[in-house]
Amino acid sequence: MFGGYFQHKKDIGRKRLERQQRIEKLKDYNTPITADERELLNESVEEVVGKVKAGTLSPQKILQAYGKRALQAQADTNCITEVLIQDAEDRIYLDTVPTDGPLAGFPVSLKDTHHVKGFDSTIGYTANAFKPASEDSPIVRLLRDAGAVPFVKTNVPYTMLSFECYNDLWGITENPHVQGYAAGGSTGGEACLLAYGGSRIGVGTDVAGSVRLPAHFSGCYALKCSTGRFPKIGNTTSMAGQEGIPAVYSPMARTLGDLSYFLKAVISMKPWNYDYTVNPMPWKEDTTLPKKAKVGVIYNDGVVTPSPACRRALDQTVDALRAKGHDVVTFDAPDPLRALRIASQLLVSDACKVALRKQRSGENNDWGVARFVAAARLPRWMKRVYAWYLENIKGDHVWATLVRDWNEKTITERWDLVAEREGYKAEFFDAWKRSGIDFLITVPNATPAFPHYGLYESVSSCGYTFMFNLLDYAAGVLPVTKVDKALDAVDAKFKPSNRVEAGAYHNYDAVKMHGLPVGVQVVAGRLEEEKALLAMELVEKALNDAGNKYELLNE
């Protein structure tokens, strides 16, 4: 036990020193950004790739600009884990970067889960330190073949089951807008880097909102793909074998145009030739939306009322769409509480035994995750009694529903949950068809970013994203506005109706949150990524035309 503790502490020091030494050796990257580099940083991926193909811009110059900005982001927010810049520079020097592919010469950042040959994929566990990958994962090979240049890996929360971003090994990643607040999770370091401008395209993973929630918290763009649309195998995970709610690898970007271009570029590379789990589905060029679309809105999931800031962003979106003549209607989703119960219990049906089996003596878990692990391991009879008390004495049906069977599952219980999952998916599918909507919008979360360790209170407030993992629908997030202390205060008459809602509002303070990004979530059907992106474009154009253009950080 003590040996594990001392090795844990030793590896923290060694890994952080390794990162710092790699940064210090990059002398040309630790200099001010030039005017030309600043101009380059504000050009789209498509524009830059076009210049590389035309021979008017070198991959080295692009790497120099993004490397400088990324190191600035690291200094301000602590968002980077592995620094791959020297390796990227060597590959460019050796002329091994294709300049005829759809991502010719463009730097790409990667969530720490990705296997890059010669580098660790620690995902915050010191037990994974100093165990470099022997080869690139399929998605990294695909990106290299497309001409992309992997140049940094980014931070995640311990266990990757959190909407925050910290671990003992790498520390806390700051929100790029307001210090002291979370960047989101689990793809928090990636979202932070993109929002800061230290990268323009990146890859994350999503199992309960893990690319969408960070995009909402940090102020960038993300699209959660359906399973089978984006490569995922050959990388590191904290929950190997977990299939109740499958995790998906998905694209993230600094702008919506870059997000669309990036996903199309990946699919143009025929990812099914790299990863057997990918469906052989070419890009659907003929995807369209009606000129006057019918848009469904989930205003409230019946679990947590959206905070004033998030409701304002949703209302702005609805108003902008209606101003363009689109038909916006309330969508009555089948019992969202049931979806949250099924999804949450399937995801951690092992009570986090797999996610925590590499935990060393003295190694800290995420506070919020540690809380629900402790609850899952309490005696079942105790939770049944507590749930009866909540339901019948306190009148809290929501909290009672979630805690009643919050425990490690038997195989029979897990199969029952899978059957419930499939039943819910069929019910939601029918509701969507009956409504006749073209796509759906809702908030990505009930609140904007919360302060560090805030998940301890709001750990169960994840239904607005988690629902679409259960359904396996394509769902994206785009930034809409920022918290305004003068507009977004909680009404003095508001009282939380259940324990989940109380936890979500525990850290909500519009004054302290002033300036934090607030996004909106846009949802299409399963394997309808092209339609989801078109819907996001439609939404963003409507917002821009209404005078609600979101200003990117460091633009």
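Thresholds, definitions, all that
- Residues numbered from 1 in each chain as written.
- Predicted model: local features only at pLDDT ≥ 70, side-chain atom pairs only at ≥ 80, totals over all residues.
- Heavy atoms only, no water.
- UniProt positions renumbered as here; feature names shortened; annotations may be inferred.
- Helix = DSSP H or I, 4+ residues; strand = E, 2+ residues; numbered from the N terminus.
- Buried < 20%, exposed > 50% of the residue type's maximum accessible area, 1.4 Å probe, protein only.
- Contact = heavy atoms within 4.5 Å.
- Areas by Shrake-Rupley, 256 points an atom, 1.4 Å probe, with all protein chains shown as cover.
- Lys, Arg positive; Asp, Glu negative; His and termini not counted.
- Charge placed at Lys NZ, Arg CZ, Asp CG, Glu CD.
- Phe/Tyr/Trp six-rings, centres within 6.5 Å; stacked < 30°, edge-to-face > 60°.
- Pairing = 2+ DSSP bridges.
- Right-handed = clockwise from strand over helix to strand, strands pointing away.
- Disulfide = S-S within 2.5 Å.

An unreviewed UniProt entry lists the protein under the name amidase, with Geotrichum candidum as the source organism. The record held by UniProt for the protein lists under Catalytic activity (unreviewed entry) the comment "a monocarboxylic acid amide + H2O = a monocarboxylate + NH4(+)". Recorded in UniProt under Sequence similarities (unreviewed entry), the annotation for the protein is "Belongs to the amidase family."

Caption draft 1: Structural context of the overall build of the protein. A count of helices and strands for the protein gives 19 helices and 13 strands. Projecting the C-alpha coordinates of the protein onto the three principal axes gives extents of approximately 70 × 65 × 50 Å. Counting only residues that meet the buried cut, the protein has 62% of its 555 residues in that class. Of all intrachain contacts in the protein linking residues separated by at least 6 positions in sequence, the fraction that spans at least 24 positions is 81%. Carbon and sulfur atoms make up 52% of the accessible area of the protein, which amounts to about 21300 Å² in all. In the protein, 67 side chains carry a positive charge and 67 a negative one; their mean positions are 3 Å apart.

Caption draft 2: Seen up close, the packing of aromatic side chains. In total, this model carries 18 aromatic pairs according to the counting rule given. Seen in terms of ring centroids, Tyr166 and Tyr453 are 4.8 Å apart; in terms of plane orientation they differ by 70 degrees. Their pairing is edge-to-face. With Tyr166 in strand 4 (residues 166–167) and Tyr453 in the loop between strand 11 (439–442) and helix 16 (455–458), the pair connects residues that are 287 residues apart, well separated along the chain. Using a relative accessible area of 8% as the deciding quantity, one classes Tyr166 as buried. When the centroid spacing of 6.5 Å and the interplanar angle of 80 degrees are considered together, the rings of Trp367 and Tyr456 count as edge-to-face.

Caption draft 3: How the structure looks around the environment of Ala475. Structurally, Ala475 is set in strand 12 (residues 475–482). Sequence separation of Ala475 and Asp36 is 439 residues, and the distance between their C-alpha atoms is 36 Å. If we ignore the near neighbours within four places in the chain, the residues touching Ala475 are Arg212, Ala222, Leu223, Lys224, Phe468, Gln521, Val522 and Val523.

Caption draft 4: The arrangement of the UniProt feature "domain: Amidase" (unreviewed entry) in the protein in detail. According to UniProt, the positions carrying the feature "domain: Amidase" (unreviewed entry) are residues 62–532. For residues 62–532, helix accounts for 36% and strand for 13%, while the C-alpha atoms at its two ends are 30 Å apart.

Caption draft 5: Inspection of the pairing of strand 9 (residues 294–298) at higher detail. Taking burial as the measure, the 5 residues of strand 9 include 4 buried ones, the bulk of the element. Bridge count between strand 9 and strand 10 (residues 327–330): 4 bridges; the pairing is parallel. Counted as the bridge partner of Val295 is Val328 from strand 10. In the classification by handedness, the crossover that spans strand 9, the intervening helix 10 (residues 308–323) and the parallel strand 10 is right-handed. When strand 9 meets strand 11, the two strands line up parallel, connected through 4 bridges. Bridging from a neighbouring strand, Val295 pairs with Phe439 of strand 11.

Caption draft 6: Up close: the state of the cysteines. In total, this model carries 0 disulfides according to the counting rule given. Of all cysteine sulfurs, the one in Cys192 lies closest to Cys79, which takes part in no disulfide; the gap is 4.5 Å. Among the residues examined, Cys79 registers a relative accessible area of 0% and is labelled buried.

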